[in-house]
Amino acid sequence: MDAGPHQSKLKDLGRFSEPALLILASLAGGPKHGYAIMQDVARFHGTRLEPGTLYGALARLEPQGWIAPQALQGRRRPYRLTKEGANVLRSHVSVMQSVISTALDRLAPSTRSSR
Amino acid sequence: VKILRFYPAWWRARYEEEMQAVLDQHQVTLRTRINLLRGALDAWLFIRRTGMTPQRHRGRFHHAWVLAIPSVFVVAHFLVQILYYGDDSSLSGQVAAMGVVAWAALCLTTGFQLRQVATTKVAAAAGLRTGLIAWALAWVLGESLFLLGMAGLYQWASPGLISPAPDPAIALRWLVLPYALLRLLLTAVAGGLLGSGLALVGWKFGKWVGQFEIVMRRRDRPSTTGT
């Protein structure tokens, strides 16, 4: 899979690219409304997303077609990850995984030599 | 949180309700308020900078000219009256009825378009706006054509249709009468209220249709959320 276009699209979101990634990761676990996303992100990442940032990112993810709003449940609206959104997340995560494994591999000898 | 008022109207129509629900559960600190202010500024710059609008933001027709569709039937109705004056043709009434149907369809569509994103209040407000503008526009056009008729403008086409003695002063006097403005106001309010009701019907129908959309999404879900 070519990660390039997805990578650049996510970066196009500017300061919202990181919150957007966290939201995509959260929605990969199933549809969630705004507050549930904030709680989930705080749980798995330790970041406390503020509502202004959360909705700034949601408003960018929606027109990209990466997430889709569902019917209102009271005053809350759940969002779900779309197929395109899952592809973006998958490609981004695979790049991150490659960076992590490369970094770990390269750090391992230096850790050994520093002993 | 009053800061939400700083967001642009299109943003508030789309996100205010759910943002408010989030804020009700969220501990609002100074950081939250600053973040919301920054978000409001960002929302104002959003379209200009990115060229993106939320695909689901609807309830306002992308082209304002659709609000003039009922007015087209008003003109057609008037033309038919002139061309077929004296005939027993029911065409004139049919055209007028089509205008009302077009107006009702506009209001219903307004509500239907909001099925995914709006609350009852937002759908009703959108219907009120659409119904009021479209109805008032058609009414003003119809009255203007009528006044022009009173001023004798159509005598060349159908001498029997209007007063044989053209008197522009009649039209002028009638136009400035407060009664005319009151009629316009009442007509617009009635159109708005009826439009609001129709939009709610369209919105409710959209919700019902949405149930089928949810079923279709459930079919899609295993492949979309699986990691």
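Residues numbered from 1 in each chain as written. Chains lettered and ligands numbered in written order. Predicted model: local features only at pLDDT ≥ 70, side-chain atom pairs only at ≥ 80, totals over all residues. Heavy atoms only, no water.

Draft legend 1. Examining the environment of R77 of chain A more closely. Residue placement: R77 of chain A occurs in the loop between β1 (67-69) and β2 (79-81). Along the primary structure R77 of chain A and Y35 of chain A are separated by 42 residues, whereas in three dimensions their C-alpha atoms are 9.8 Å apart. Separated by 2.9 Å, the side chain of R77 of chain A and the backbone oxygen of Q70 of chain A make a polar contact. A distance of 3.1 Å separates the side chain of R77 of chain A from the side chain of E18 of chain B, its partner in a polar contact. (Helix = DSSP H or I, 4+ residues; strand = E, 2+ residues; numbered from the N terminus. Polar contact = N/O pair within 3.5 Å; in protein donor to acceptor, adjacent residues only side chain to side chain.)

Draft legend 2. Focus on the pattern of salt bridges. What the rule picks out here adds up to twelve salt bridges over all chains. Among the ionic pairs, R12 of chain B bridges to E16 of chain B, the shortest N-O distance being 3.5 Å. In this pair, R12 of chain B and E16 of chain B are both assigned in helix α1 (residues 9-25), four residues apart and thus about one turn of the helix distant. Assessed through its relative accessible area of 28%, R12 of chain B is described here as partly exposed. R14 of chain B is the salt-bridge partner of E18 of chain B, the closest N and O atoms lying 2.8 Å from each other. Of this pair, E18 of chain B and R14 of chain B both sit in helix α1, separated by four residues, roughly a single helical turn. A single burial state applies to E18 of chain B and to R14 of chain B, both of which are buried. Each of the salt bridges in this network shares a partner with another, and the network as a whole consists of E62 and R77 of chain A together with R14 and E18 of chain B. (Salt bridge = Lys/Arg side-chain N within 4 Å of Asp/Glu carboxyl O. Buried < 20%, exposed > 50% of the residue type's maximum accessible area, 1.4 Å probe, protein only.)

Draft legend 3. Representation of a nonpolar patch on the surface in the model. A surface patch of nonpolar side chains, about 560 Å² in accessible area, is lined by L128, L182, L185, L186, V189 and L193 of chain B. Given a relative accessible area of 53%, L185 of chain B falls into the exposed group. (Patch = residues over 30% accessible without salt bridge, like charges linked within 9 Å, V, L, I, M, F, W, Y side chains within 5 Å. Areas by Shrake-Rupley, 256 points an atom, 1.4 Å probe, with all protein chains shown as cover.)

Draft legend 4. Structural detail: the packing of aromatic side chains. Applying the stated rule across the entire model yields six aromatic pairs over all chains. Seen in terms of ring centroids, Y7 of chain B and W11 of chain B are 5.4 Å apart; in terms of plane orientation they differ by 25°. Their pairing is stacked. Comparing Y7 of chain B with W11 of chain B shows no difference in burial state: the two are buried. On the numbers, 5.9 Å between centres and 35° between planes, the contact of F112 of chain B with F205 of chain B is tilted. Of this pair, F112 of chain B sits in helix α4 (residues 91-113) while F205 of chain B is found in helix α7 (residues 178-225), placing the two residues 93 residues apart along the sequence. Using a relative accessible area of 25% as the deciding quantity, one classes F112 of chain B as partly exposed. Take F205 of chain B: its relative accessible area is 44%, and that puts it in the partly exposed class. Taken together, the ring pairs in this structure connect Y55 of chain A together with Y7, W11 and Y15 of chain B into an aromatic cluster. (Phe/Tyr/Trp six-rings, centres within 6.5 Å; stacked < 30°, edge-to-face > 60°.)

Draft legend 5. Up close: the packing of helix α2 (residues 17-27) of chain A against helix α4 (residues 51-64) of chain A. Residue and element names in this part refer to chain A. At a minimum axis separation of 9 Å, α2 and α4 run at an interaxial angle of 75°. If you check the angle between α2 and α4, you find them roughly perpendicular. Where α2 abuts α4, its residues P19, A20, I23 and L24 lie against T53, L54, A57, L58 and L61. Taken together, the residues that form the contact of α2 with α4 break down as eight nonpolar, one polar and no charged. (Axes fitted to C-alpha atoms, helices over the stretch in contact; angles between N-to-C directions. Parallel < 35°, antiparallel > 145°, perpendicular 65-115°, else oblique. Contact = heavy atoms within 4.5 Å. Nonpolar A, V, L, I, M, F, W, Y, C, P; charged D, E, K, R; others polar.)

Draft legend 6. Expanded view of α1 of chain B. Residues and elements named next belong to chain B. For α1, built from 17 residues, the straight-helix expectation of 24 Å at 1.5 Å per residue is met to within 8% by its first-to-last C-alpha distance of 24 Å. Within α1, the axis deviates most sharply at Y15, by approximately 60°. Burial in α1 covers these residues: W10, W11, R14, Y15, E18, M19, A21, V22 and L23. (Expected span 1.5 Å × (residues − 1). Bend = angle between axes of the 7 residues up to and from the residue.)

Shape is all these values report; function is a separate question.
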